[in-house]
Amino acid sequence: MAVLALALSACGWQLRGAPGGISLDGQVIQVVDEAGSSELRREVRRGIQGAGGQYTEGAADADWVLTLHGRGSSRDTASVGADGDVQDYRLTYTIDYSVAGGDGETRIQRTSLDAQRTFADPAGGADERRAREAELEEELRADAVRLLMLRLQALR
């Protein structure tokens, strides 16, 4: 077992949810929340701090200003069976954002990123589907924030 663990760690493999080598290397980041989502703002703050960045409330201290313009989720049909019933759904979580330097210079134009997941239609009907969607939305929000942290890392 130890040999397997050593071999996996040597090749760079990590458990899902591990930081994945994202490093913001002490960058001080202010988050402006125009999206109005406390869950997203909390997840972004955790992502910044988890990647070695510093979260700040004040623009004067910030190296970068991350503006969260909006967020959303949508569900559409991914596949339909021969009888016409939905078999799978695709859930998409989107973050609309931009990044400016502490000097006000645009570093990333307003853009969006998506995280998607396909899931089978649960047997329990609409209530089960809504519960599954809520669970997946939390996971997708975390995935989208990891993607955002990677984009911030590329700015260094």
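The present account deals with the structure reproduced in this document. (Residues numbered from 1 in each chain as written. Predicted model: local features only at pLDDT ≥ 70, side-chain atom pairs only at ≥ 80, totals over all residues. Heavy atoms only, no water.)

1. Looking at the side chain of Gln 27
Consideration 1: As for its placement among the helices and strands, Gln 27 is situated in the loop between helix 1 (2-10) and strand 1 (28-33).
Consideration 2: Once residues lying within four places of it in the same chain are set aside, the contact partners of Gln 27 are Gly 53, Gln 54, Asp 63, Trp 64 and Arg 156. (Helix = DSSP H or I, 4+ residues; strand = E, 2+ residues; numbered from the N terminus. Contact = heavy atoms within 4.5 Å.)

2. Focus on the packing of aromatic side chains
Consideration 1: In this structure the tally under the stated criterion is one aromatic pair.
Consideration 2: The side chain of Arg 75 reaches across the aromatic face of Tyr 89, ending 4.9 Å from its centre. (Phe/Tyr/Trp six-rings, centres within 6.5 Å; stacked < 30°, edge-to-face > 60°. Lys NZ or Arg CZ within 6 Å of the ring centre and 35° of its normal.)

3. Examining the pattern of salt bridges
Consideration 1: All told, the structure shown has 11 salt bridges when counted by the stated rule.
Consideration 2: The shortest N-O distance in the salt bridge between Glu 43 and Arg 46 comes to 3.0 Å. Of this pair, Glu 43 and Arg 46 both sit in helix 2 (residues 38-50), three residues apart, roughly one helical turn.
Consideration 3: Using a relative accessible area of 18% as the deciding quantity, one classes Glu 43 as buried.
Consideration 4: Residue classification places Arg 46 among the partly exposed positions, given a relative accessible area of 48%.
Consideration 5: Residue Asp 96 is joined to Arg 110 by a salt bridge in which the shortest nitrogen-to-oxygen separation is 2.6 Å. You can see Asp 96 sitting in strand 4 (residues 86-101) and its partner Arg 110 sitting in strand 5 (residues 106-120), a full 14 residues away along the chain.
Consideration 6: The exposure class of Arg 110 is exposed, given its relative accessible area of 54%.
Consideration 7: Through salt bridges with shared partners, one network takes in Arg 117, Glu 139, Asp 143 and Arg 146. (Salt bridge = Lys/Arg side-chain N within 4 Å of Asp/Glu carboxyl O. Buried < 20%, exposed > 50% of the residue type's maximum accessible area, 1.4 Å probe, protein only.)

4. Looking at the nonpolar core
Consideration 1: With 30 residues, the main nonpolar core has Val 44, Leu 66, Leu 68, Ile 95, Tyr 97, Met 149 and Leu 152 as its most contacted residues.
Consideration 2: Contributions of two or more residues to this core are made by strand 1, helix 2, strand 3 (64-80), strand 4, strand 5 and helix 3 (126-153).
Consideration 3: At seven residues, the largest contribution of residues to this core is made by helix 3.
Consideration 4: In this structure Met 149 touches Ile 22, Leu 24, Val 44, Gly 47 and Ile 48, once residues within four positions along its chain are discounted. (Core = buried A, V, L, I, M, F, W, Y, C linked by side-chain atoms within 4.5 Å.)

5. A word on the environment of Arg 46
Consideration 1: Arg 46 sits 99 residues away from Val 145 along the chain, and the two C-alpha atoms are 9.3 Å apart.
Consideration 2: Reaching out from Arg 46, the side chain makes a polar contact with the side chain of Glu 43 at a distance of 3.0 Å. (Polar contact = N/O pair within 3.5 Å; in protein donor to acceptor, adjacent residues only side chain to side chain.)

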